[in-house]
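What follows is the residue order along each chain.
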Amino acid sequence: MAVTRTFSIIKPDATRRNLTGAVTKKLEDAGLRVVASKRIQMTKEQAEGFYAVHKERPFFNDLVSFMISGPVVVQVLEGEDAVKANRDVMGATNPADAAEGTIRKEFAESIEANSVHGSDSDENAKIEIDFFFNEDEIVG
Ligand code: RTP
Ligand code: MG
């Protein structure tokens, strides 16, 4: 398995509860390394652009409002098969379905306020990383 990159967001429900460190610890314990990180307040335009694939979904407007309701921490993670390693430790989208030991089981408040985002493919990881980071901000 090759070392690859994925993109993560610690969402506003988690930053609000001061869980940035606790979430990051879970990521690190899963074998992922934070190679870039910044805390930002997303604009509405950024959130709409980032989630453009979901624009026809009924939850789109609520999701955009939630993602701009407070600061987020955007991160680039590196590790063996990083996309899968990250999604495994995140757990299911709905915390009610998330496995024991996952971030969403432990921390998520609801299907929307579910503490983390993680890319779902290597291709989308690259697009999402490029959306928030310049290459010189990433130090492997
Ligand atoms: P993510 O993209 O954030 O890593 O999460 P995911 O793949 O597990 O979920 P996805 O289907 O891509 O949905 C993106 C985010 O939209 C919110 N959501 N709300 N109210 C709802 O039914 C609903 N469904 C999804 C969640 O914040 C989800 O992470
Ligand atoms: Mg997704």
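Residues numbered from 1 in each chain as written. Chains lettered and ligands numbered in written order. Predicted model: local features only at pLDDT ≥ 70, side-chain atom pairs only at ≥ 80, totals over all residues. Heavy atoms only, no water.

Draft legend 1. Local environment of the overall build of the chain. When you go through the chain residue by residue, the secondary structure sums to seven helices and four strands. What you see in the chain, going N to C, is helices and strands ordered as β-α-α-β-α-α-β-α-α-β-α. In terms of C-alpha radius of gyration, the chain reaches 14 Å, essentially the compact-globule figure of 14 Å for 140 residues. Along the three orthogonal principal directions, the C-alpha set of the chain runs to about 35 × 35 × 25 Å. (Helix = DSSP H or I, 4+ residues; strand = E, 2+ residues; numbered from the N terminus. Rg over C-alpha atoms; globule rule 2.2 N^0.38 Å.)

Draft legend 2. Structural context of the UniProt feature "active site" (unreviewed entry) in the chain. Here, the residues flagged by UniProt with the feature "active site" (unreviewed entry) are His-117. The topology assignment puts His-117 in strand β4 (residues 116-118). In this structure His-117 comes out as buried when scored by relative accessible area, which is 12%. In this view, His-117 contacts Phe-7, Ser-8, Ile-9, Lys-11, Phe-50, Tyr-51, Asn-86, Met-90, Arg-104 and Glu-128; residues no more than four positions away in its chain are not counted. (UniProt positions renumbered as here; feature names shortened; annotations may be inferred. Buried < 20%, exposed > 50% of the residue type's maximum accessible area, 1.4 Å probe, protein only. Contact = heavy atoms within 4.5 Å.)

Draft legend 3. Layout of the site of ligand 1. By nearness alone, 15 residues border ligand 1, and Lys-11, Thr-93, Glu-112, Asn-114 and Gly-118 come closest of all. Contact between ligand 1 and Lys-11: an oxygen atom at 2.9 Å from a side-chain N or O atom of the residue. One nitrogen or oxygen atom from the side chain of His-54 is found 3.1 Å from an oxygen atom belonging to ligand 1. Expressed as a share of its isolated accessible area of 560 Å², the protein-covered part of ligand 1 is 81%. Put simply, the parts of the chain that give the shell around ligand 1 at least two residues each are α5 (82-90) and β4. A class-by-class count of the residues in the shell around ligand 1 yields six nonpolar, five polar and four charged. (Near = heavy atom within 4 Å. Polar contact = N/O pair within 3.5 Å; in protein donor to acceptor, adjacent residues only side chain to side chain. Areas by Shrake-Rupley, 256 points an atom, 1.4 Å probe, with all protein chains shown as cover. Nonpolar A, V, L, I, M, F, W, Y, C, P; charged D, E, K, R; others polar.)

Draft legend 4. Main features of the side chain of Thr-24. Secondary-structure assignment places Thr-24 in helix α2 (residues 20-29). Reaching out from Thr-24, the side chain makes a polar contact with the backbone oxygen of Thr-20 at a distance of 2.7 Å. Not counting residues within four places of it along the chain, the set of residues in contact with Thr-24 comprises Ile-10, Val-34 and Gln-75.

Draft legend 5. Just the sheet that holds strand β1 (residues 3-10), in detail. Taken in spatial order, the four strands line up as β2-β3-β1-β4 in an open sheet, and their pairing is antiparallel. Because the sheet does not close on itself, it has two edges, and the strands there are β2 (33-40) and β4. The sheet shows a mean angle of 20 degrees between the axes of neighbouring strands, direction not considered. Here β2 runs beside strand β3 (residues 72-80); their pairing, made up of seven bridges, is antiparallel. Paired with Arg-33 across the strands is Glu-78, a residue of β3. Here α5 sits on the sheet and contacts β1, β3 and β4; the angle it forms with β1, its principal contact strand, is near 35 degrees. (Pairing = 2+ DSSP bridges. Axes fitted to C-alpha atoms, helices over the stretch in contact; angles between N-to-C directions.)

Draft legend 6. Main features of the pattern of salt bridges. With the rule as written, the count across this model stands at 12 salt bridges. The salt bridge involving Asp-88 is made with Lys-84; its shortest N-O contact spans 2.7 Å. Highlighted residues: Asp-88 and Lys-84, both in helix α5, separated by four residues, approximately one helical turn. A relative accessible area of 45% means that Asp-88 is categorised as partly exposed. Salt bridges sharing partners connect three or more residues here, namely Asp-13, Arg-16, Arg-17 and Glu-109. (Salt bridge = Lys/Arg side-chain N within 4 Å of Asp/Glu carboxyl O.)

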